[in-house]
Amino acid sequence: MKTTSKVAVFDTTLRDGEQAAGTRLGGRDKMTIARQLARLRVDIIEAGFPASSPEDFEAVRAIAHEIQGPTICALSRAVAADIEACGKALARAKKPRIHTGIGVSDIHILGKFQDDRYGKTLEAKKAKMIALAVEAVKRARNCVDDVQFYAEDAGRAEPEYLYLMLDAVIAAGATVVNIPDTTGYTVPEQYGALIKGICDNVKNIKKATISVHCHDDLGLAVANSLAGVINGARQVEGTINGIGERAGNAALEEVVMGLRTRHDYYGLSTGIDPKEFFRTSRMVAEMLGMPVPANKAVIGTNAFSHSSGIHVDGFLKNRQTYEIMTPADVGISESKVVLTARTGRAGLKARLAKLGYELKKDELDTMYQRFLLVADKKQEVLDEDLAALVHDELPPAEHTIKLEYLHTYGGTSAIPTATVRVLVKGKMKEGAAIGDGPVDAVYKAIAAVTGSTAKLLRYEIRAITGGTEAMGEVTVHLERDGRRTLGRGASTDIIEASAKAYVDGLNRLG
Ligand code: MN
């Protein structure tokens, strides 16, 4: 265990987080998030799992090449081909790290390694797991100097066995040992004791950094992470907004603001620039179609609003009466910058850059035209509107289907009818349909003219900002042949936003 007072922040939004949304981010979205994570100054970005798909390999490769500052990490199982894929994807990173590992709980070992070639008895399998882990770490060390080992389901493992495993992988060259509570089963006292037990019982632990990776199945991921840190861990893993498998991972903004706000108690710091939290949070929510609840700690829209009379009165006299952090601490105050139709191209470009979006010249031209149209309709354009517009105008997947024209007819006494014209690979197609409502009619018409068999799993609409003139953003989840994707569309007209979201989803299904 390292005894520094600095806690390294390991972001896995692009790996554990992405897994959760039931969708894959395109390479462009991953890169945009990675740039923002670098601005947030996380220490390590886990960019993906290169062996899982050619797209993920390419995304990790591109991030490793472009992103400066943080260490770029790639995930692998304890399998030679996975590790080689990581090595290749990370070849151009300045600070590459391979994250490999294996299950250490009896449940995982018996469940995932049933085959006799891993040993006939539990004891034999456990010995084999250590051998496989050591081999994997050595193989990874042949590719890079920085190797992190994950002891999967450590939260439910037998501690003595975990100590043996960690001792062996550190001796084999692991620089970081990750102790995941994979199933979110532990409680803070227990998880803290597990980390302390590792510090006290693993002989060579001083050669490695202990990392905590907690899941939120019981709502304890952040509490468990902090319990781990106070007992000797010096790296925290988590995601923005706490997104991740099932109930999610530890929310990094909560862990970091916990350490920062209670520095008096922990005496520890991170390298994070918390003013980037709000922007990062909204970007991740947008791209993954997982909105942030209003009452979410640290970055929810209500996190800093005071409503009861007594609270408001006290707050106005002295902020500290009811506020332990200020909105400015996490970058909320800056978000209210308003753009209007009089904002020039340079102003728009600067604001987009501030929000983390880097656009090529022709893309900026397209965005500017769209921005003017929206500014004309709703007078004031807020940051949230801009984020939605970027996605609408510059979708992550190439659009082979384009919506050209849309007309709906409805009302309380008419059968909702829609007429659409779309371009499919440059060919114009037209069609009409009736439905239960205008959106249903539009979707049926688009499905008919494109010949789509995709199933609509979920449809969500929300007003991006307040007021009836607000932009509406629609998110749809589509499925075809077992593949799921998400589509998004934004417009001041919600029927149009709905149609765009559907078309975006169809394009992403390819
Ligand atoms: Mn996980």
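Since this is a predicted model, take the numbers as computed values, not measurements.

**Topic: the side chain of Lys125**
Argument step 1. Among the secondary structure elements, Lys125 is positioned in helix H6 (residues 122-143).
Argument step 2. Buried charge without a salt bridge: Lys125, with Asp116 as the nearest opposite-charge side chain at an N-O distance of 4.9 Å.
Argument step 3. Beyond its immediate sequence surroundings of up to four residues, Lys125 is in contact with Ile109, Leu110, Phe113, Gln114, Asp115, Tyr118 and Gly119.

**Regarding the coordination of the manganese ion**
Argument step 1. Protein coordination of the manganese ion is provided by Asp16 (OD), His213 (NE2) and His215 (NE2), with donor distances spanning 2.0 to 2.3 Å.
Argument step 2. The sequence pattern describing where the donors of the manganese ion fall on their chain is D-x196-H-x1-H.
Argument step 3. His213 sits in the buried class, given a relative accessible area of 5%.
Argument step 4. His215 gets classed as buried once you look at its relative accessible area, which sits at 4%.

**Some thoughts on helix H8 (residues 188-201)**
Argument step 1. With 14 residues, H8 extends 20 Å between its outermost C-alpha atoms, agreeing within 8% with the 20 Å of an ideal straight helix rising 1.5 Å per residue.
Argument step 2. Taken as a whole, H8 has its buried residues at Pro188, Tyr191, Gly192, Leu194, Ile195, Gly197, Ile198 and Cys199.
Argument step 3. Where H8 is buried, its residues meet helix H7 (159-171), strand E6 (176-181), strand E7 (209-214) and helix H9 (221-230).

**Looking at the pattern of salt bridges**
Argument step 1. Under the defined criterion, the tally for this structure stands at 44 salt bridges.
Argument step 2. In the salt-bridge network here, residues are joined through shared partners; they are Arg370, Asp392, Glu393, Glu496 and Lys500.

**Looking at the sheet that holds strand E9 (residues 401-409)**
Argument step 1. Strand order in the open sheet made by the three strands is E9-E10-E11, with antiparallel pairing throughout. Strands with a single pairing partner mark the edges of an open sheet, and in this sheet they are E9 and strand E11 (427-434). Taken over all neighbouring pairs, the strand axes of this sheet differ in orientation by 15° on average, direction set aside.
Argument step 2. In terms of strand pairing, strand E10 (residues 417-424) meets E11 through eight bridges, oriented antiparallel. Within the sheet, the bridge partner assigned to Val422 lies in E11 and is Lys429.
Argument step 3. Helix H17 (residues 438-450) rests against E9, E10 and E11 of the sheet, and its axis sits at about 35° to E10.

Definitions and limits used
Residues numbered from 1 in each chain as written. Predicted model: local features only at pLDDT ≥ 70, side-chain atom pairs only at ≥ 80, totals over all residues. Heavy atoms only, no water. Helix = DSSP H or I, 4+ residues; strand = E, 2+ residues; numbered from the N terminus. Buried < 20%, exposed > 50% of the residue type's maximum accessible area, 1.4 Å probe, protein only. Lys, Arg positive; Asp, Glu negative; His and termini not counted. Salt bridge = Lys/Arg side-chain N within 4 Å of Asp/Glu carboxyl O. Contact = heavy atoms within 4.5 Å. Donors = N, O, S within 2.8 Å, 3.2 Å for Na, K, Ca; no water. Expected span 1.5 Å × (residues − 1). Pairing = 2+ DSSP bridges. Axes fitted to C-alpha atoms, helices over the stretch in contact; angles between N-to-C directions.

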